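Geometric and topological summary
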Amino acid sequence: MENKVAELLLQHHLTITTAESCTGGLIAAALVNVPGISGQFQEGYITYSNQAKEKLLSVSHETLEKFGAVSSETAEEMARGARKTAQADISVISTGIAGPDGGTKEKPVGLVYIGCCYLDKVRVKRYVFSGGREDVRRKSAEAALKLVTEMIEQNGGQGDSYEDYCGN
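What this report covers is the structure whose coordinates are included nearby. Along every chain, residues carry numbers that run from 1 in the direction the sequence is written. For this predicted model, a pLDDT threshold of at least 70 governs which residues receive local features, and a threshold of 80 or more governs which side-chain atom pairs are given and counted, while totals over whole chains, interfaces and linings are taken from all residues. With hydrogens and water stripped out, all remaining heavy atoms of the structure feed into the side-chain values.

With that out of the way, let us pick up the pairing of strand E3 (residues 90–96). Here E3 lies mainly inside the structure; seven of its seven residues are buried. Three labels apply to residues, based on accessible area from a 1.4 Å probe with only protein chains included: buried if under 20% of the type maximum, exposed if over 50%, partly exposed otherwise in between. Each helix is a run of H or I in the DSSP string that is no shorter than four residues. Each strand is a run of E no shorter than two, and both are numbered from the N terminus. Burial along E3 is two-sided: Ile90, Val92, Ser94 and Gly96 and Ser91, Ile93 and Thr95, pointing in opposite directions, are all buried. A pair of strands is considered paired only if DSSP assigns at least 2 bridges between the two. As judged from the five bridges shared by strand E1 (residues 16–20) and E3, these two strands associate in the parallel manner. Paired with Ile16 across the two strands is Ile90, which belongs to E3. Where E3 meets strand E4 (residues 111–118), seven bridges bridge the pair, whose relative direction is antiparallel.

A word on the packing of aromatic side chains. Two rings from Phe, Tyr or Trp (for Trp, the six-membered ring) form a pair when their centres are within 6.5 Å of each other. A pair whose planes differ by under 30 degrees is stacked, one over 60 is edge-to-face, and the rest are tilted. The tally for this structure, following the rule as stated, stands at one aromatic pair. Look at Tyr127 and Phe129: their rings are 5.0 Å apart centre to centre, the planes differ by 10°, and that puts the pair in the stacked class. Taking the relative accessible area as the measure of exposure, Tyr127 reaches 21% and is therefore partly exposed. Phe129 gets classed as buried once you look at its relative accessible area, which sits at 15%.

Here we come to helix H1 (residues 2–12). Along H1, the positions that sit buried rather than exposed are Val5, Ala6, Leu8 and Leu9. End-on view of H1: buried residues confined to an arc of 165°, all on one side of the axis. Contact between two residues is taken to exist if any of their heavy atoms lie within 4.5 Å; hydrogens are not considered. Elements that come into contact with the buried residues of H1 comprise E1, helix H2 (26–32), E3 and helix H6 (133–154). Throughout, the arc means the angular range of directions from the helix axis out to the C-beta atoms.

The term salt bridge refers to a pairing of a side-chain nitrogen on Lys or Arg with a carboxyl oxygen on Asp or Glu at a separation within 4 Å. This structure, assessed with the given rule, holds eight salt bridges. Of the charged contacts, one joins Glu150 and Lys125 as a salt bridge, the two residues approaching to 2.8 Å between their closest N and O atoms. Taken together, the residues Glu150 in helix H6 and Lys125 in strand E5 (residues 121–128) connect sequence positions 25 residues apart. Overall, Glu150 belongs to the buried group, its relative accessible area being 18%. One salt bridge connects Asp135 with Arg138, and the closest N-O pair in it is separated by 3.4 Å. Highlighted residues: Asp135 and Arg138, both in helix H6, separated by three residues, approximately one helical turn.

Once that is clear, we can look at the packing of H1 against H6. Only the contacting stretch of a helix is used when fitting its axis, a line to C-alpha atoms as for every element, and angles between N-to-C directions run 0 to 180 degrees. Closest axis-to-axis distance for the H1/H6 pair is 9 Å, and the angle between their directions is 30°. Between H1 and H6, the angle falls in the class roughly parallel. In the packing of H1 onto H6, the handedness of the crossing is left-handed. Residues Glu2, Lys4, Val5, Leu8, Leu9 and His12 of H1 lie in contact with H6, whose contacting residues are Leu145, Val148, Thr149, Ile152 and Glu153. Grouping the amino acids of the contact of H1 with H6 by side-chain chemistry returns six nonpolar, two polar and three charged. An angle counts as roughly parallel when it lies under 35 degrees, as roughly antiparallel when it exceeds 145, as roughly perpendicular when it falls between 65 and 115, and as oblique in every other case. Here a crossing is called left-handed whenever its near helix is offset anticlockwise from the far helix by less than a right angle, and right-handed whenever the offset is clockwise. Throughout this entry, Asp, Glu, Lys and Arg are counted as charged residues, while Ala, Val, Leu, Ile, Met, Phe, Trp, Tyr, Cys and Pro are counted as nonpolar. The remaining residues, Gly among them, count as polar.

Turning next to the packing of helix H3 (residues 50–57) against helix H5 (residues 72–86). At a closest axis distance of 9 Å, the pairing of H3 and H5 adopts a crossing angle of 40°. Relative to H5, the element H3 lies oblique. Taken together, the residues of H5 that come into contact with H3 (itself represented by Lys53, Leu56 and Leu57) are Thr74, Glu77, Met78, Gly81, Ala82 and Thr85. Residues belonging to the contact of H3 with H5 are distributed by class as follows: four nonpolar, three polar and two charged.

Next comes the structure, spelled out in structure tokens:
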């Protein structure tokens, strides 16, 4: 999947950044496994704590207090914040509960939100993955790369670059 993402990024002259919580760098690691990705991969953030989400990605304290770190609202703010901070065309993020503990009835182990911001469009997908911690993390990274592919293909790689969008 990472080869497909890299191919699309190159084809459409797009840059990407990652911001990861539960995947802890697996999405970025998958991307940097592709030779030649350095022109497209801007930077990556591992924002495991709420403090890091606020400081690096501009996730609002109020959002974290009201909805929690594992929520579609936080995922959307992470995606927008990562894209803006890195000045990339695309950001992809993960936030979730990989387990084996930390789950509740409302937010079970395996609950993960994957978000992607492409230009100013954000899509967040909710998953509940089964398996152990490593399974949840691996499946989350795969879902993140798939979401990036979908976002680029659905938009045909069309749109302004980050610089054009922000007037830079």
